[in-house]
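# Coordinates in review
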Amino acid sequence: MDESASLDALSDTLTRLSTNAYSVDLHVQHIRLAKSMEDKDQLLVALEMAANYMATPDTIWLPLIDAKTAASDINTPEGALEVLGLYSKAESDYMSFSILQKHLGFLADRHEYFSGLEVKPDNLGELFSDDWTREAMSIVISKGTGDISQSHILWDQYYNLELEILEKASTDEKPLLVNAIEKILLARLQQPHANHQDTYQSYSSFTTAHKPASEYESLLISASKLRSRAIKAYEKREASEMALAAAGYSLDAYATYIAAERRRRDPDYFILCGLYERSLAEASRRQFAGELGAERAMQVFWVGYIDFMKSQGQNVEFWRRATRSAPGSGEVWARYIRFLEREQESEASKDEMDASQNEDIEAAYTRAISTTLFNRDRKSDPEVDSDQIVPLVLARAGAEKRAIEAGRADENDLATFIKVVEDGIAMVRQASNSGDPRFRLEKFLSEFYLNLADVPDAAVQLWASTAAHYKSSWAAWVAYTDVLIRTDHHDLARKTFQDMSTKNLDYPEALWDAWHNFEHAHGSLSSLEEAISKITQASAQLEARRAREAEKAYAVAAAQYAEQQAASAAAVSVPATSATQGSAPVVSEAMDVDFSAPADAKEKRKAEEELPVTENNGGKKRRLETPPVSLKRDRENCTVFVADLPSEATEADLKALFKDASCGDIRDVKFTRMPETLVATVEFYDRDSVPAALTKDKKRIHETEIGVHLAWRSTLYITNFPEKFDDTSIRDLFGQYGLIFDVRWPSKKFKATRRFCYLQYTSPSSAERALELHGRELEPDRAVSVFISNPERKKERSDADANERELYVAGLSKFATKEDLRKVFETYGPIKEIRLAEDKSGQPKGFAFIDFESETDARAALAANNYELKNRRIAVTFTDSRVRAKNKEGTAETGLGRRADARNRSVRVRNIPSGTQEGLLHQLLEKHSLVKRTEIFAALNEAVVELENPAEAGKLLLRTEPIILGGNILQFSEEQPGPSRSQPVAPPPVTGGMFVPRAAGSRPRAGLGRARKPGLGATHAPSSSNAQSTEHTGKKGQDDFRKMLG
């Protein structure tokens, strides 16, 4: 962006900030523009503007503190106090160890400076004296004690300063300081923290140095008793702290941790306050970094914190922080207004009203509305969540209503009450197209009109305007007719029923039921029969319209299926040799995760493959009729995704919904409760059921509109991302485009180099927006590929046959380069990619992976095995062990040495959470050791992990710090020799009979590898009887020797 464009963008941002000063997005944009212009003054202005309007994270405050420190004369008391004031303001926003450490360092530095002056400034006073500095530092470290994992960093710095002051103290001052430091140590021992043993050792050393030797033992025993409770408290949370760190301190991990603490029988105030402070600080950092969902998480954390602190007591400063941190949360403002109402009632009862302490309710409400975060002036502006407006208005209006009921209000207060609610209703209707489907404000005001104010006509007028605004809402019209009936306007209610019975409402059946009940209660026989007749007629028209809509939707969906099948058929009909001509085809969409066949299926022998060659078939196998296609489960094409479900939705609701559309039988329904919504996947037995199911998109369950779409339409196939990327990296990159439902990673059991994943959003629109990442270089010369995961385009997927096209080349010289490999292997066919493995220092590891354009060329390149390159014999084989086995010819290895070697390099992992993906487990363990292969046994919740060498296996086995996955601490043990758990050993075949099962006769013995084929001159194995007699005869007898001698 050139200078002129940057200035225009800056001017536009400042203009928008003038009317939306509490918008985090605009402040972030302002800061980003100032940084891009490299204007330090403008950057400071942007940072100060953000910090003045709202609570900001340390990423905003630290540059401001540095600038203030540089600009102020900190060698004077006035300059030092200015900087200290900025530290206090920053620390009142969020807990930040970076700011707290910097603050401690500033205090220690200024204490040393002013203590060393021979002539003190006249206005210095007690500032930066020993006592003042110790008190100031104790306040600073108290702000960080809630972080039980890191608080020792601050405390150790403070304790060292205390010891320095003690060493410099005079003989008369030392006894007092010793007692003070002892109290500090004992208080610290009673706080849960990570390095409890180090603190205890510090207390022991301090007691040895400054207490009488006769008291040493009793003091340590007493201290040990004091710290026991704190140690237990930390040990209970140690696993949670490690899980939090392993999750990268994500907001979801904080929410899980907090929920677990809240569920305890006796929640720990110290622990929970610290957790909430840490989660709020992390949410703020992520919000200013632009992370999707961080603002909502901030609001949820504050609501939980406020509710927890209600029983502990709340002060004005607490509420100032809450409203400054979450100015757009109606729930936070509502709780603040109710707090003010309680305070006013208690003060009124004590006759001690102090306006200087608390602001009044009207001022707080005005301050909330003035943020403009609850208003939407133009339809082009982003929608505002009505769930944030309604609680705020209800809290303000509720306070006025209770004052009126208590007789503390006058006529002006009554008018204020009505205006507050009416303005709130207008805000809700302007906020979004859907408004408030529950009509909470309308119901609140209507009950006031009907019961308290006794003005029924006002209630009728209110619901008339509501029904006119929400024209297609059955709930609005039913509420309108209900108030007409309650106010005895029966004729008008009947006319409304008649007029609306044929209108296109979202749920007309509810209106018909209300009309039917009304006529039974208040109508005559003729009016009842007329209503039944009109309802029957309207029902028939509705069914006919729905049938037409379903037929139209079915035709559209069927056309899409036909188009996809035609494209798929065209791709399949392309000759295999075309892959080697020209460039590789452009991949537009991809297929879902490939699942390997069960082990027992792979070992079945097909009879038609063993047909003998006869004269009748001309030396070829006799052609058989095509066997019937087996009924294979087609999840991709038979599954729909249902989003935006109400929280109370059940499986019965979904089955009833799709039964109404004649969708066919449902195979499976799976609900997933996410932090912000409830979703479900519905799998049908037949793919022909899906088009009819898609017609239920935008329908309602429990008055909530849902979304229905094909599951693969919201799923992305992602490949060619950097090797360092893991699950967290993918979620961070793609989370900006919408709510992520799931990320599925491939198993690396057979091929450790697989680098792709499938990411599913809750809506297709999010997946479509994320396609803009396709082709973006996340690292030099590596552009990520992002496609919609269409199951009909499997043959076009870039890695559909990658297993058959990739070779593993080992035994390379450290001097071998990519060009050397290309010269050797391009003689067999076009090469797509060569990846030469390197260690962290960039040195070759001695092996490489070569991707060919076609499977035929890759198979031909196996001939390069044992080729001499740079004075080294190289080994060439397929990367995927399954493909390698499929292409082997001749005698198989016994596997004795290979299996023993693999076992020495393997460990067994236990206590794996149910449903764990092999790919995710592989990613986690890769952070601690060099992992080669991972295989999970789901039924046992265990896995076997094969590592690069025995040393890496030993590293895992000897690891002292736990590794946590999904809240479970993984347990590691040596892999014991013996048969695989996945393939139980079968009993030996019974001998002596006429028939021996072929599979039993050819199966290798457990633990002995594959059987060797008999070589030249080999004899048949002895009979079972001979074998048994030999086995039972341990030594040769005398008769045997006589026979040998003659």
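### So, the sheet that holds strand 18 (residues 875–878)
An order of 14-15-13-18 is seen for the four strands of this open sheet, with the pairing classed as antiparallel. The two strands at the open ends of the sheet, each matched to only one other strand, are strand 14 (831–838) and strand 18. Neighbour-to-neighbour, the strand axes of the sheet open up by a mean angle of 20°, direction not taken into account. Strand direction decides the pairing type here: strand 13 (residues 806–810) and strand 15 (residues 844–852), joined by five bridges, are antiparallel. Bridging from a neighbouring strand, Ala-810 pairs with Phe-847 of strand 15.

### Some words on unusual backbone geometry
The backbone phi angle of Asn-866 is positive, close to 75°, even though this residue is not glycine. Relative to the elements of secondary structure, Asn-866 occurs in the loop between helix 34 (855–860) and strand 16 (868–869).

### A word on the side chain of Glu-162
Inspection of the secondary structure puts Glu-162 in helix 8 (residues 151–168). For Glu-162, a relative accessible area of 2% puts it in the buried group.

### A few points about the packing of helix 20 (residues 440–452) against helix 21 (residues 456–469)
At their nearest, the axes of helix 20 and helix 21 sit 7 Å apart, and the two run at 160° to each other. As judged from the angle between their axes, helix 20 and helix 21 are roughly antiparallel. The handedness of the crossing between helix 20 and helix 21 comes out as left-handed. When helix 20 is examined against helix 21, the residues Glu-442, Lys-443, Leu-445, Ser-446, Tyr-449 and Leu-450 are found in contact with a partner set consisting of Pro-456, Ala-458, Ala-459, Leu-462, Trp-463 and Thr-466. Split by residue class, the contact of helix 20 with helix 21 holds eight nonpolar, two polar and two charged.

### A few points about the sheet that holds strand 24 (residues 971–974)
Pairing in this open sheet of four strands is antiparallel, and the strands run 20-21-19-24 from one edge to the other. One side of each edge strand has no neighbouring strand; the edge strands of this open sheet are strand 20 (931–937) and strand 24. Strand after strand, the sheet turns through a mean of 25° between neighbouring axes, direction not considered. Two strands pair when backbone bridges link them, and strand 20 and strand 21 (residues 942–947) are joined in this way by six bridges, in the antiparallel orientation. If you follow Val-931 over to strand 21, its bridge partner there is Leu-947.

### Overview of the confidence of the model for the protein chain
Overall, the predicted model of the protein chain reaches an average pLDDT of 80, with 81% of residues at or above 70. Of the regions scoring below 50 in pLDDT, residues 351–356 engages in four contacts with residues more than four places distant in sequence or in other chains. For residues 888–896, every residue scores under 50 in pLDDT, and the model assigns this stretch 12 contacts once sequence neighbours within four places are set aside.

### Details of the pattern of salt bridges
Working definition: two side chains of opposite charge can pair if their charged atoms are close together. If you walk through the whole model with that rule in mind, you get 51 salt bridges. With a closest N to O distance of 3.3 Å, Arg-285 and Asp-58 form a salt bridge. One end of the pair, Arg-285, is in helix 13 (residues 269–288); the other, Asp-58, is in helix 4 (residues 58–71), with 227 residues separating them in the sequence. The exposure class assigned to Asp-58 is buried, which follows from its relative accessible area of 9%. Note that Arg-402 is salt-bridged to Glu-341, the shortest N-O span being 2.8 Å. A residue pair is termed long-range when its members are at least 10 positions apart, and Arg-402 in helix 18 (residues 386–405) and Glu-341 in helix 16 (residues 330–350) qualify at 61 residues.

### Observations regarding the environment of Gly-293
Looking at where Gly-293 falls in the secondary structure, it is placed in the loop between helix 13 and helix 14 (294–309). Linking Gly-293 and Leu-739, residues 446 residues apart in sequence, is a C-alpha distance of 8.4 Å.

### Quick word on the nonpolar core
Counting residues in each nonpolar core, the largest one holds 95 residues, and the members touching the most others are Phe-301, Trp-302, Tyr-305, Ile-389, Leu-445 and Tyr-480. In terms of residue count, the dominant contributor to this core is helix 14 (10 residues). Beyond its immediate sequence surroundings of up to four residues, Leu-445 is in contact with Phe-417, Val-421, Glu-422, Ile-425 and Leu-462. One finds Val-24, Val-83, Leu-185 and Leu-189 within the second-largest nonpolar core, a separate group that totals 56 residues.

Definitions and cut-offs
- Residues numbered from 1 in each chain as written.
- Predicted model: local features only at pLDDT ≥ 70, side-chain atom pairs only at ≥ 80, totals over all residues.
- Heavy atoms only, no water.
- Pairing = 2+ DSSP bridges.
- Helix = DSSP H or I, 4+ residues; strand = E, 2+ residues; numbered from the N terminus.
- Axes fitted to C-alpha atoms, helices over the stretch in contact; angles between N-to-C directions.
- Buried < 20%, exposed > 50% of the residue type's maximum accessible area, 1.4 Å probe, protein only.
- Parallel < 35°, antiparallel > 145°, perpendicular 65-115°, else oblique.
- Left-handed = near helix turned anticlockwise from the far one by under 90°.
- Contact = heavy atoms within 4.5 Å.
- Nonpolar A, V, L, I, M, F, W, Y, C, P; charged D, E, K, R; others polar.
- pLDDT = per-residue confidence, 0-100.
- Salt bridge = Lys/Arg side-chain N within 4 Å of Asp/Glu carboxyl O.
- Core = buried A, V, L, I, M, F, W, Y, C linked by side-chain atoms within 4.5 Å.

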